[in-house]
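# Structural overview for review
Here is what each chain is made of, one letter per residue.
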Amino acid sequence: MLARSGTLESSMHGGTVEDDISNVCEPSDFDLLKDVADGREESFRLLFSRWAPRLGRFLIRATGSPETGEDLLQEAFLRVLNAADRFEKRGSVGAWMYRICANLVYSHWRRERSSPFRTPSTTDGDGSIEMATPVSESPDRIRVRRAFTDAAVSALKRCPENQKMVFLLKVDSGLTYEEIAGILRCPVGTAKSRFHLAVRRLRDDLKDWNDTPHEGRNHDVL
Amino acid sequence: MSCEKWREHLIDHLAGELGEEETILLEQHLTECTDCSEEELRLRRVMVAALPTQTWQENKATEEYLVNALHDLDGDNSEEMEFSSSSERSGLADRIARSLGFESFSLGLKRPVPSYLALGLAIVAVAAGFWWGTSNRIDLQGNRSAQPAREIQQEESLSNDGASGLAERHAVGEDSSAASLKSWPSGAGIRFATTPSDAISLARAFMSDTL
């Protein structure tokens, strides 16, 4: 099972349940947002420290570029600042921020469509994309894995945007189908089917990689 | 359950969406079926490879920039806030308010009044001024007509000839003021001047009475 980095589940409904925090003594995301609307710097810094790593990683993975991801993260939080006083307690703050990020990513993808196609590659000189590689792998094995990763990333880029978005929210952020449906404002069944379609599409696009050495089920690349 | 059915559950299993009981049964099946085990591994590998490991590096510059933006926003210095998509930030009310030359105004409250409230008050003020102006219309002779605004507007729309139209309004205005004088109760002992000439005649009458 893929590792889940954290869920919004506890806070998806009305914000009356404590948001995703580890310490019950800490303020909830909704309380922090109210303070941010009043201009309290400490509350904003706490909110930022809670959500920036998660949202930043999502944006970097969605755009394939740390620089672009950082720019979009800044834009996302600017929108949070501007709309903090208008946030209504009908949903969770986390879902709302993810929705802002998703919209920014969609806009970015639209702009990219009009730009020359560029596949983020592990062979980029800046080494911006890490690969989880076991310590004991041979150079040949590493080379094959890199090529497979490049092919997988390219295959994901070719997926329809709605499938790609659901895949990102699921695999990167570990959100449930219900949470994703809340963020994207679609039925739960739609979120589930889009994820299935994305995975099957990736699998079909990469079926020629069946000659990759079998690693065994105990080998966890996560 | 057949392998085909189990494979339908593999994606949900990898996504962590399979129920506890089904997970146990599936795990058991995967230990017994090589084909399904290989399919599960293939799917897992694809899902992981499509999103290589990535971490967000803490960036203090971003945080400080946003903190400054927070203070700017709190000080209502909203011109400094640059947004890549201004349409996302402002709705129709904000855009109209800005076209009128103001973002918001303060009523001495802790936070400025939002633009849409200012816009609403401006619209009410304009409407009230329009209503007052048309219900207290001043004709070219400087006479305040007692005609309701609607009747005046109807006159204007009916008259296409500017000169004759003006003459008509003048005549009507005089008749109306004369009629208004006559309509006051004769025994009231109170007279009001509705035209400058009335005011002069009333003043003369007052002077002659008192003297």
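Everything numeric in this text was worked out from a predicted model, so none of it was measured. (Residues numbered from 1 in each chain as written. Chains lettered and ligands numbered in written order. Predicted model: local features only at pLDDT ≥ 70, side-chain atom pairs only at ≥ 80, totals over all residues. Heavy atoms only, no water.)

The subject of this paragraph is the overall build of chain A. Secondary structure summary: chain A contains eight helices and zero strands in total. When the helices and strands of chain A are placed in sequence order, the string is α-α-α-α-α-α-α-α. Going through the 222 residues of chain A one by one, you find that 54% of them count as buried. Across chain A, the fraction of contacts at a sequence separation of at least 24, relative to all contacts at a separation of at least 6, is 66%. Surface summary for chain A: the accessible area is close to 10400 Å², and the carbon and sulfur share equals 48%. (Helix = DSSP H or I, 4+ residues; strand = E, 2+ residues; numbered from the N terminus. Buried < 20%, exposed > 50% of the residue type's maximum accessible area, 1.4 Å probe, protein only. Contact = heavy atoms within 4.5 Å. Areas by Shrake-Rupley, 256 points an atom, 1.4 Å probe, with all protein chains shown as cover.)

The next thing to look at is the nonpolar core. The biggest cluster of nonpolar side chains holds 84 residues, and the ones touching the most others in it are F77(A), F167(A), L184(A) and F195(A). For this core, the leading source of residues is helix α4 (residues 93–113) of chain A, giving 12 residues. Residues in contact with F167(A), not counting those within four places in the same chain, are L156(A), D172(A), F195(A), A198(A), V199(A), L202(A), M47(B), A50(B) and L51(B). (Core = buried A, V, L, I, M, F, W, Y, C linked by side-chain atoms within 4.5 Å.)

With that settled, the discussion passes to the pattern of salt bridges. Enumeration over the complete set of coordinates arrives at 21 salt bridges over all chains. When the shortest N-O distance is used, the salt bridge between R158(A) and D205(A) registers 3.8 Å. Note that R158(A) is positioned in helix α5 (residues 139–158) and D205(A) in helix α8 (residues 188–205), a separation of 47 residues in sequence. Note on D205(A): relative accessible area 34%, which makes it partly exposed. The network of salt bridges with shared partners includes E41(A), R45(A), E58(B), K60(B), E63(B) and E64(B). (Salt bridge = Lys/Arg side-chain N within 4 Å of Asp/Glu carboxyl O.)

Within this structure, the stated rule accounts for 12 aromatic pairs over all chains. Consider the rings of F30(A) and F87(A), whose centres lie 6.1 Å apart with planes at 50 degrees: the pair is tilted. Placement of the pair is F30(A) in helix α1 (residues 29–37) and F87(A) in the loop between α3 (66–83) and α4, with a sequence separation of 57 residues. The exposure class assigned to F30(A) is buried, which follows from its relative accessible area of 13%. Judged by relative accessible area, F87(A) falls into the buried class, the value being 15%. On the basis of an interplanar angle of 90 degrees and a centroid distance of 6.3 Å, the ring pair of W51(A) and Y98(A) is categorised as edge-to-face. One end of the pair, W51(A), is in helix α2 (residues 41–63); the other, Y98(A), is in helix α4, and 47 residues separate them in sequence. With respect to class, W51(A) is no different from Y98(A); both count as buried. Through a chain of ring-to-ring contacts, three or more aromatic side chains come together here, namely F44(A), F48(A), F77(A) and W56(B). Directly above the ring of W109(A) sits K164(A), whose terminal nitrogen or CZ lies 4.2 Å from the centroid. Sitting above the plane of the Y177(A) ring, K170(A) keeps its charged end 5.2 Å from the centroid. (Phe/Tyr/Trp six-rings, centres within 6.5 Å; stacked < 30°, edge-to-face > 60°. Lys NZ or Arg CZ within 6 Å of the ring centre and 35° of its normal.)

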